[in-house]
Amino acid sequence: MYLCRFLVSFLIFFVACEQKDPKPELKDKIYQDMIAQKGEAERIMKEMETKAAEVRKTAAEARINTGVKEKAERQAIEFEKTRDKMAQQMTYWKIRIFERLKYVRTLASKNAEPYSSNSVELETYESEKKLRQAKNAWDLKARFKETGFDYNPVLMGEAPGGKPKEKPKPAEGGGH
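Being a predicted model, the structure only gives us computed values, none of them experimental.

Asker: Tell me about the packing of helix α3 (residues 68-110) against helix α4 (residues 119-133), and name the residues and values.
Answerer: At a minimum axis distance of 16 Å, the contact between α3 and α4 shows a crossing angle of 175 degrees. Taken together, the axis directions place α3 and α4 in an arrangement best described as roughly antiparallel. Facing Tyr-92, Trp-93, Arg-96, Arg-100 and Tyr-103 of α3, the residues of α4 in contact are Glu-121, Tyr-125 and Arg-132.

In structure tokens, the structure reads:
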């Protein structure tokens, strides 16, 4: 009888204890975004591999001295450069994901309450991501449109009217 009560009490105590989440990283928005970025890099890498193979096949089938072969070879080289860049991105994301996994699990094991993403940390990550994905070239007119202002060529030091200046005509004759 006492043994039965003891076992029931022990069972209730054991069930009532809250167990830690074995995979807190699945609740982390930064970790999930990193996995999505890695998946996107992998998709682009595979796409570039297939495009490069298709263009190489076109180059092999092209006739000599038509320019098609040279153009196809240049395209294949560009596709392969992009593929190599995406392979580097894959390595980068694997490392970042592993580091984030370790960080989240360590943080979750130290805290008594369940893990939740830090909003300040998420905001910082999002701003870094935006900078990482931004174009490196600036288009002044596009920048004006983004900010909601009208582009005025006169204020920017350009000639009004928008007509390009005519090039002088080459001299005629020569007399030799």
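Asker: Requested: an account of the packing of aromatic side chains, with residues and values cited.
Answerer: Evaluated as defined, the whole model comprises 1 aromatic pair. A ring pair is formed by Tyr-92 and Trp-93, whose centres lie 5.0 Å apart and whose planes are at 70 degrees; its orientation type is edge-to-face.

Asker: Report on the side chain of Gln-37, specifying residues and quantitative values.
Answerer: Mapped onto the elements of the fold, Gln-37 is located in helix α2 (residues 29-61). By relative accessible area, which is 15% here, Gln-37 ends up buried. Not counting residues up to four positions away in its chain, the partners in contact with Gln-37 are Trp-93, Tyr-125, Lys-129 and Gln-133.

Asker: Can you break down α3 residue by residue, with the values?
Answerer: The terminal C-alpha atoms of α3 lie 62 Å apart, and with 43 residues this matches the ideal 63 Å at 1.5 Å per residue to within 8%. Of all the positions in α3, only Ala-72, Ala-76, Met-86, Met-90, Trp-93, Ile-97, Arg-100, Leu-101, Val-104 and Ala-108 are classed as buried. Summarising the contacts, the buried residues of α3 are in contact with α2 and α4.

Asker: Before we move on, can you summarise the pattern of salt bridges with the specific residues and values?
Answerer: Per the stated rule, a full pass over the model turns up 13 salt bridges. One salt bridge connects Arg-100 with Asp-28, and the closest N-O pair in it is separated by 2.7 Å. Here Asp-28 lies in the loop between α1 (2-16) and α2 and Arg-100 lies in helix α3, a separation of 72 residues in the sequence. Residue classification places Arg-100 among the buried positions, given a relative accessible area of 8%. Across the salt bridge formed by Lys-46 and Glu-42, the nearest N and O atoms sit 3.7 Å from each other.

Asker: Summarise the environment of Ser-109; cite the residues concerned and give the values.
Answerer: Counting through the fold element by element, Ser-109 comes out in helix α3. Given the relative accessible area of 47%, Ser-109 is considered partly exposed. Considered as a pair, Ser-109 and Lys-20 are 89 residues apart in the sequence and their alpha carbons are 7.7 Å apart. Within the local environment of Ser-109, its side chain forms a polar contact with the backbone oxygen of Thr-106, the two atoms lying 2.8 Å apart.

Asker: How would you summarise the packing of α2 against α3 if you had to cite specific residues and measurements?
Answerer: Orientation of α2 relative to α3, taken along the N-to-C sense of each, is 160 degrees, at an axis distance of 8 Å. Here α2 is positioned roughly antiparallel relative to α3, judged by the angle of their axes. Between α2 and α3 lies a crossing whose hand is left-handed. Grouping the amino acids of the contact of α2 with α3 by side-chain chemistry returns 21 nonpolar, 4 polar and 12 charged.

Reading guide: rules and limits
Here the residue index of a chain counts from 1 through its sequence in written order. Totals for whole chains, interfaces and linings use every residue, but because this is a predicted model, local features are given only for residues with pLDDT of at least 70 and side-chain atom pairs only at 80 or more, for both listing and counting. Computation of side-chain values covers all heavy atoms of the structure but excludes hydrogens and water. Lines fitted to the C-alpha atoms define the axes, with helices restricted to the stretch that makes contact. Angles between their N-to-C directions range from 0 to 180 degrees. The secondary structure listing takes helices from DSSP runs of H or I that are at least 4 residues long and strands from runs of E that are at least 2 residues long, numbered from the N terminus. Here the angle decides the label: under 35 degrees means roughly parallel, over 145 means roughly antiparallel, 65 to 115 means roughly perpendicular, and every other value means oblique. We call two residues in contact when some of their heavy atoms are within 4.5 Å. Aromatic pairs are defined between Phe, Tyr and Trp rings, using the six-membered ring for Trp, whenever the two ring centres lie within 6.5 Å; interplanar angles under 30 degrees are classed as stacked, those over 60 as edge-to-face, and all others as tilted. For the exposure calls, accessible area comes from a 1.4 Å probe over protein chains only, and a residue counts as buried if that area is under 20% of its type's maximum, exposed if over 50%, partly exposed in between. Multiplying 1.5 Å by the residue count of a helix minus one yields the expected span of that helix. Only one rule defines a salt bridge in this text: a Lys or Arg side-chain nitrogen within 4 Å of an Asp or Glu carboxyl oxygen. In protein, a polar contact requires one atom able to donate a hydrogen and another able to accept it; more generally it is a pair of N or O atoms within 3.5 Å, and residues adjacent in sequence count only if both atoms are side-chain atoms. Handedness of a crossing follows from how the near helix is turned relative to the far one, being left-handed for an anticlockwise turn of less than a right angle and right-handed for a clockwise one. Three classes are used: nonpolar for Ala, Val, Leu, Ile, Met, Phe, Trp, Tyr, Cys and Pro, charged for Asp, Glu, Lys and Arg, and polar for all others, with Gly counted as polar.

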